[in-house]
Structure formats: C-alpha cells, structure tokens
Amino acid sequence: MLLTVTTTHRPATDLGYLLVKHPDRLQTFDVSTGRAHVFYPEATEERCTAALLLEVDTAKLRGRGPDETFTLHQHVNDRPYAASSLLAAALGRVWRSAMRGDSRDRPELAAAAIPLELRIPALRAKGGAAELFEPLGWKVEETPIPLDAERPEWGPSRYVDLRLTGTVRLADALNQVYVLLPVLDDAKHYWVSPDEVEKLLRAGTGWLASHPHKALIAKRYLAHRSALTSAALARLSDLSEMSGISDPAPAPRPGSLNLQRRAAVVEALQASGASRVLDLGCGPGALLGELARDRRYTEIVGADVSSVSLELAARRLHLDRLPERQRARIRLLQTALTYRDDRLKGYDAAVLMEVIEHVDPPRLPALAASVFGHAAPATVVVTTPNVEYNALYPGLLSGPAHGHLRHADHRFEWDRAQFAAWCDGVAERYGYAVTRSGIGPEDPAAGSPTQMAVFRKASSAPRFAGGAPGGSHPGPPMAATRPLRSCT
C-alpha cells in the first residue's frame, strides 16, 4: 500500500527536512505488520515527492481481523494492497516527528501552510472521502477503481484512487490522513483500547473539534466502542467550548450543552450544602473532574457499570499521580444502578446526569428504588434531554439519527410533561420535594434542550461530614446487567 506526499514549495526538496528523511536515500523500517519504505520518486527544487510504501507480511495478520476463523484469511485478503489502519500505523511510526510539527532545520517551514498534494492510489472507502476531507480545506479527487478493467459492465469496486490538494501545514495533513484512513476503511487491525482516545485527540488537535462529522469520525476510529466514543466526544466538546468554536449554522448543537449542564449541576450541589457526593453513571468522569477541584467536597464517588468508563475516569483524574491525601477523597465503584448497593448509602447528594434515558423504561422503577429508596441521599440532581427541543436540531430530522433521538443508546427521551410526571411520582413515593428547571437556550415553544430536577428530602436537612459508608454489594454479577452509560 502506498501514500505519496508532493509539494511545489520552493525549494521543494525542503520536504526532506520536514519529514526528516533524506531525498537521496531509500530508508526501510520494521513495523509490526511488515516493512515500511520511504523514498523520493522525484526531488527537484520545483517539485518533490516523498513516498511511503508498506509491505505487509500477511502471516502477521493472523487473528487481527473479523474473518480470522477463515483458514486462509492471512493470505486471501486486501490488506497488502489497500490503504487502511495498517498504513496509518506505519505513518505514525515512520513520520512521527513530522506529525508533531517538529523540524530542527526548518522550524518556520514546519509551522507554515505549504502547497501539498497527497495521493493514495488504492483506498477502501466506506462512504465518500469528500465529506471528510473537504471541510478541512482539501480539494478532493476520488476516482472509483473498476471491479475489472476489462469488464466495465461489472461496475466499480469498493476502492478508490484518492488525491488531495491544498495549502496545508504538513503536520496537519499527516495527522488528518492518520485519523481518516481507518475511518474511511471503518476497520482497525488491532485491539482498540482506552489509549486510542488519547491518540485520536492528539492527532485531531486543531481540526477535529470543529469538524462537522466528528461524531462519525470518533465512532469509526474507536471501532464503534460506545464508551470510548462518548468519552472522546465529551473531550472534543470541552475543547470546542474553550476555543470558542461554534457551528456556522444558527441551530444549536447537543454537544455544546456539556459545560452548561455540568455548571448547572455543580451549582445545585453547592446550594445543597453537600460535602459527600455520588456521581451515578459517571461515565468517563467529566463531572468528577469538576468536583475534585472543589475543596468543599470531602468525599467523591463515581459509580458506573462499565469498567472501561471507570478506567477512563481514573486516567482523566490522574488518580495514579495524585498525592495520597487527594487520592483518598475519590473512589470509583463498578455497580449497576438498578440494584441496591449498600456502598451508595449515607451520602449527602447524588447526581444522575444524562443517565435515566439509557435505562429501559420497565427498569426505571428499580433504579428509583435503588437510588431514592435505598441509597436515599438528602439531595438528588437529575438531568435528561427534552425531546421537544429535538425539532430545533435539523440533523435529527433530516436523517435516521438514532430514530430522531440524540444518542444511539437512548431508550427514550421525555417531553417536559412526561419528565414532570416521573419526578412528581418519585418524589411522592420516596418522600422528596422536587423543583424543575431548564438548561441551555430556551425556546418559547420547545423549552430548553436539557431538563433538570433537584430532589430534596422533605424531612431532613443536608448532611455533612461523616464516616465512609460500609456494606457490600448484594446485586447480581455485572455481566447480568445492561450497562448504563452517560452522554457526558
């Protein structure tokens, strides 16, 4: 498989300084799936082309793909020929310093946008490459490769000859190709671990947060693993807010609510006077990070059924590097919220932020009994989408988009009347008083995009310091439960 990078910047041979590969030499590198070669088919002051050629050892692919049960799969497949995550991995290995934008000899050039042409002559593209590359400023030529050149009536194959032209910083160009190759192929040749979130965010610095198809990119790059995708999108939304990035269309974006939602929840917790707090369905730990920075919270517990989400939360909080005193304030628990867990009893407040909509409706009474009846914190803060507001998101109505819901894992989304009825029923059954409000921009007809309810025990004041709750988890094994995932 082959990738070529061409520039007409004068002198064009400075491309060798940016790639840290001399144009007069053929260089070969051992990679996990074979050998990668870097050479220059042309190198003049007017035009210079660097080529990355990956020779795949098909025997090393055994057990790496979805068809690994096929006896001859390591020999009968397209991987030695069609660009994929194999080529992306070789790119990251061979041109690593160029991807970082480092150049000892030409630092000004490394920081500048230069005329570039990238070509991938054989690429398996699921969906069009143009919709992924054109928003980044590339001119895209996507030529279908015929299934059989001598039998045109058979039509095109699933492969294309891709050519990208534009004036782009070389580091950005390489990082974009590094991410989008496996996205277009919609496959990876290796196990996708939580570390892949950091790889995606690092390679996507400066362009992914504002990409109109960032959700699709994250989903495919992370091999459709929903917990990792949610974590990546939450981090990207945070970056968008901090950078002031907004969509060009006037319609609001669901992801832009993340910071507003967390701010509203934190404000409600502060008003409650709580010092010992549960984040139920904590996901990758966005809210936990907010709470950990506030000294008023003496004990913070994140609970989730997903071990992957808890691992991501631990990384986000840097638990392995915190001083012992700070580390003692934070605990992460794996538990299912539809089962009673004595470890969750005795806290001042609990948060269910974008959690209840991930629970099958018949299981909601069990969740209410577990949280409001058994754990029974003095304050419970609940947020959930307002389905009435979905009409203001054109993307939800112009395509399938999870059946017009905001997330593929949502089991339902309530309007304001339905949420009010549920809140009132739970409050009456378990002895709470409840107030409701909206989060985000308010539309006169549809209300706000997010609904929030704050439940307070009618017969008790907020509790403050106390000993760590004891008890054991009497519920069934985790494998018997359906994961409850947070969108945050």
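Note: the structure precedes this text.
Keep in mind that this is a model prediction, so the values were computed, not measured.

Calculation notes
- Residues numbered from 1 in each chain as written.
- Predicted model: local features only at pLDDT ≥ 70, side-chain atom pairs only at ≥ 80, totals over all residues.
- Heavy atoms only, no water.
- Helix = DSSP H or I, 4+ residues; strand = E, 2+ residues; numbered from the N terminus.
- Buried < 20%, exposed > 50% of the residue type's maximum accessible area, 1.4 Å probe, protein only.
- Contact = heavy atoms within 4.5 Å.
- Areas by Shrake-Rupley, 256 points an atom, 1.4 Å probe, with all protein chains shown as cover.
- Expected span 1.5 Å × (residues − 1).
- Core = buried A, V, L, I, M, F, W, Y, C linked by side-chain atoms within 4.5 Å.
- Salt bridge = Lys/Arg side-chain N within 4 Å of Asp/Glu carboxyl O.
- Axes fitted to C-alpha atoms, helices over the stretch in contact; angles between N-to-C directions.
- Nonpolar A, V, L, I, M, F, W, Y, C, P; charged D, E, K, R; others polar.
- Pairing = 2+ DSSP bridges.
- Phe/Tyr/Trp six-rings, centres within 6.5 Å; stacked < 30°, edge-to-face > 60°.
- Parallel < 35°, antiparallel > 145°, perpendicular 65-115°, else oblique.
- Left-handed = near helix turned anticlockwise from the far one by under 90°.

On to the overall build of the protein chain, then. Scanning the protein chain from N- to C-terminus turns up 17 helices and 14 strands. The burial tally for the protein chain puts 52% of its 488 residues in the buried class. Long-range contacts, defined as pairs at least 24 residues apart, comprise 73% of the intrachain contacts of the protein chain with a sequence gap of at least 6. Of the roughly 21,800 Å² that the protein chain leaves accessible, carbon and sulfur atoms contribute 52%.

It is worth spelling out helix α14 (residues 364–375) at this point. Taking 1.5 Å per residue as the helical rise, α14 with its twelve residues ought to reach 16 Å, and the 15 Å between its terminal C-alpha atoms agrees with that figure. In terms of residue burial, α14 counts as a mostly covered element, since nine of its twelve residues are buried. Within α14 the residues assigned to the buried category are Leu364, Leu367, Ala368, Ala369, Ser370, Val371, Phe372, His374 and Ala375. On its buried face, α14 is in contact with β8 (276–280), β11 (349–353), β12 (379–385), α17 (416–430), β13 (432–439) and β14 (450–457). Looking one or two places after α14, you find alanine 376, whose phi comes out positive at around 50 degrees.

One finds Trp95, Phe133, Trp138 and Val179 to be the most contacted residues of the largest nonpolar core, which totals 74 residues. By residue number, the principal contributor to this core is helix α6 (residues 170–185), which donates ten residues. Residues within four places of phenylalanine 133 in sequence aside, it is in contact with Trp138, Val140, Leu162, Leu164, Val177, Leu180 and Leu184.

A few words now on the pattern of salt bridges. Counting across every chain of the model gives 26 salt bridges. With a closest N to O distance of 4.0 Å, glutamate 153 and arginine 151 form a salt bridge. Taking the relative accessible area as the measure of exposure, glutamate 153 reaches 58% and is therefore exposed. By relative accessible area, which is 40% here, arginine 151 ends up partly exposed. The partner of aspartate 424 in a salt bridge is arginine 436, with the nearest N and O atoms 3.0 Å apart. With aspartate 424 in helix α17 and arginine 436 in strand β13, the pair connects residues that are twelve residues apart, well separated along the chain. Classification of aspartate 424 as partly exposed rests on a relative accessible area of 38%. Overall, arginine 436 belongs to the partly exposed group, its relative accessible area being 41%. Among the charged side chains, a network of salt bridges with common partners joins Lys126, Asp186 and Arg220.

Below, the discussion takes up the packing of α6 against helix α7 (residues 195–203). At a minimum axis separation of 9 Å, α6 and α7 run at an interaxial angle of 140 degrees. In contact with Asn175, Tyr178 and Val179 of α6, α7 contributes Lys199, Leu200 and Ala203. Taken together, the residues that form the contact of α6 with α7 break down as four nonpolar, one polar and one charged.

Read from one edge to the other, the open sheet built from seven strands follows the order β10-β9-β8-β11-β12-β14-β13, with strand pairing classed as mixed. The open sheet has two edge strands with one neighbour each: β10 (330–334) and β13. Averaged over all pairs of adjacent strands, the angle between strand axes in this sheet comes to 15 degrees, irrespective of strand direction. As paired strands, β13 and β14 are joined by eight bridges and run antiparallel to one another. Note that in β14 the partner of isoleucine 439 across the bridge is threonine 450. Relative to β10, helix α12 (residues 307–317) is tilted by about 165 degrees, and along the sheet it contacts β9 (299–304) and β10. Where α14 meets the sheet, its contacts fall on β8, β11, β12, β13 and β14, and the angle it forms with β12 comes to roughly 150 degrees.

Turning our eyes to something else, we now look at the packing of aromatic side chains. Counting across every chain of the model gives ten aromatic pairs. Plain terms: the ring middles of phenylalanine 372 and phenylalanine 455 are 4.8 Å apart, the flat faces sit at 65 degrees to each other, and that makes the pair edge-to-face. One end of the pair, phenylalanine 372, is in helix α14; the other, phenylalanine 455, is in strand β14, with 83 residues separating them in the sequence. When sorted by exposure, phenylalanine 372 lands in the same class as phenylalanine 455, which is buried. Measuring from centroid to centroid gives 6.3 Å for tryptophan 422 and phenylalanine 455, while their planes differ by 85 degrees, and the two rings are edge-to-face. Of this pair, tryptophan 422 sits in helix α17 while phenylalanine 455 is found in strand β14, placing the two residues 33 residues apart along the sequence.

Here the focus is the sheet that holds strand β5 (residues 113–124). Spatial strand order, β2-β3-β4-β1-β5-β7-β6: seven strands in an open sheet with antiparallel pairing. Since the sheet does not close on itself, it has two edges, and those belong to β2 (27–31) and β6 (139–146), each with one partner. Taken over all neighbouring pairs, the strand axes of this sheet differ in orientation by 15 degrees on average, direction set aside. One ladder, built from seven bridges, connects β6 with strand β7 (residues 156–169); its direction is antiparallel. Pairing of valine 140 across the sheet is with leucine 164, part of β7. Of the strands in this sheet, β1 (2–7), β5 and β7 are in contact with α6, which crosses β5 at around 20 degrees.

On to unusual backbone geometry, then. Of note, the amide linkage connecting arginine 10 to proline 11 takes the cis form, showing an omega dihedral of -10 degrees. Its place among the elements puts proline 11 in the loop between β1 and α1 (15–19). With a phi close to 55 degrees, histidine 318 is a non-glycine residue in the positive phi region. The class for histidine 318 is partly exposed, based on a relative accessible area of 37%. Backbone geometry at glutamate 354 places phi at a positive 55 degrees, although glycine is not the residue there. Mapping glutamate 354 onto the fold places it in the loop between β11 and α14.

Relative orientation and spacing of two packed helices are given, respectively, by the angle between their axes and the distance between those axes. One can describe the packing of helix α2 (residues 85–94) onto α6 by two numbers: an axis separation of 8 Å at closest approach and a directional angle of 155 degrees. Put simply, α2 runs roughly antiparallel to α6. The two elements α2 and α6 cross, and the hand of that crossing is left-handed. Listed contacts from α6 to Ser85, Leu87, Ala88, Leu91 and Gly92 of α2 are Leu174, Val177, Tyr178, Leu181 and Pro182. Counted by class, the contact of α2 with α6 contains eight nonpolar, two polar and no charged residues.

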